[in-house]
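Structural characterization, general
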Amino acid sequence: MSSNSYSKNLKNHQTKRAGLAELTRNAKQFIAVLFISGLMIMPSYAASWRDELPNATLVGSGHFRWFGLKIYSANLWSENARFNANAKFALELTYNRSISRKQFIKTTIDEIKRLNGNQISAEKLATWEKELIPASPDVSSGDELIGVYLPEQGYRVYNKQGLLADIQNPELARAFFAIWLDPRTKDSALRAQLLGSK
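About the cut-offs
- Residues numbered from 1 in each chain as written.
- Predicted model: local features only at pLDDT ≥ 70, side-chain atom pairs only at ≥ 80, totals over all residues.
- Heavy atoms only, no water.
- Core = buried A, V, L, I, M, F, W, Y, C linked by side-chain atoms within 4.5 Å.
- Buried < 20%, exposed > 50% of the residue type's maximum accessible area, 1.4 Å probe, protein only.
- Helix = DSSP H or I, 4+ residues; strand = E, 2+ residues; numbered from the N terminus.
- Contact = heavy atoms within 4.5 Å.
- Expected span 1.5 Å × (residues − 1).
- Polar contact = N/O pair within 3.5 Å; in protein donor to acceptor, adjacent residues only side chain to side chain.
- Axes fitted to C-alpha atoms, helices over the stretch in contact; angles between N-to-C directions.
- Parallel < 35°, antiparallel > 145°, perpendicular 65-115°, else oblique.
- Nonpolar A, V, L, I, M, F, W, Y, C, P; charged D, E, K, R; others polar.
- Salt bridge = Lys/Arg side-chain N within 4 Å of Asp/Glu carboxyl O.

The biggest cluster of nonpolar side chains holds 36 residues, and the ones touching the most others in it are Tyr72, Tyr95, Ile112, Trp128, Tyr155, Phe177 and Trp180. Examining the composition of this core, we find that eight residues originate from one element, helix H5 (residues 170-181), more than from any other. Leaving out residues up to four positions away in the same chain, Phe177 has contacts with Phe89, Leu91, Gly147, Val148, Tyr149 and Tyr155. The next biggest cluster of nonpolar side chains, apart from the first, holds nine residues, and it includes Ala56, Trp77, Ala90 and Val148.

Let's shift gears to H5. With 12 residues, H5 extends 16 Å between its outermost C-alpha atoms, agreeing within 8% with the 16 Å of an ideal straight helix rising 1.5 Å per residue. Extensive coverage of H5 is indicated by the burial of nine of its 12 residues. Where H5 is concerned, the buried positions are Leu172, Ala173, Ala175, Phe176, Phe177, Ala178, Ile179, Trp180 and Leu181. Here H5 starts with a cap whose side-chain oxygen sits 3.2 Å from the backbone nitrogen of Glu171, and that cap is Asn169.

At a minimum axis separation of 11 Å, helix H4 (residues 122-131) and H5 run at an interaxial angle of 80°. Considering their axes alone, H4 and H5 lie roughly perpendicular with respect to each other. Note on element contacts: H5 touches H4 through Glu171, Leu172 and Ala175, opposite Lys124, Trp128 and Glu131. Residues of the contact of H4 with H5, tallied by class, amount to three nonpolar, no polar and three charged.

With that settled, the discussion passes to the pattern of salt bridges. One pass over the full model with this rule turns up seven salt bridges. Where Glu171 meets Lys124, a salt bridge forms, and the shortest distance between an N and an O atom there is 2.9 Å. With Glu171 in helix H5 and Lys124 in helix H4, this pair connects stretches of sequence that are 47 residues apart. Glu171 gets classed as partly exposed once you look at its relative accessible area, which sits at 32%. Put simply, Asp182 and Arg184 hold a salt bridge, and the shortest N to O gap is 3.0 Å. Owing to a relative accessible area of 16%, Asp182 belongs among the buried residues under this scheme. In the salt-bridge network here, residues are joined through shared partners; they are Glu52, Arg156 and Asp166.

On to the side chain of Glu111. Mapped onto the fold, Glu111 is located in helix H3 (residues 101-116). For Glu111, a relative accessible area of 8% puts it in the buried group. A distance of 3.4 Å separates the side chain of Glu111 from the side chain of Lys186, its partner in a polar contact. Not counting chain neighbours up to four residues away, the residues in contact with Glu111 comprise Ile179 and Lys186.

By themselves these figures say nothing about function.
Here's what the structure looks like:
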């Protein structure tokens, strides 16, 4: 191989390496920009449910019992002096018994079905069941779950440590809180206590 051919091949090789290095740098910069942009557009959440309702006022409280056993205590919070189901509010549950995620979700879906009959399709209920999974942890005595209703948006679930789930489904949110607040609820006495009418 002549010295000219060798020099030409060496120069081509160096050019390719330089091009590859530049491409790698550009790719890293692009990934960094995507990462930073992602951080900028990620939704920010409150550290605590009380940050969602900074002026929360206790509307009412009560206990849910099953065959005489106290299952949980419930507090209903609102920023309005008069409770408005179409405004932001929080339902705080403090458990006295252990309940599994499976049982929590089953009971929730069963009650939604009871209250809505055939108005909600089986396919939609199956989708909702999956959406409820991150919002329905296993609970033990002393654990708290707080659901914050967000009108036209959905609801968020918190525990003592912070946010558990952000359910972006307004229809599911309304159906979920109706379990306690609908006039046809199974525990009308608890509903009356929560709404401050008893």
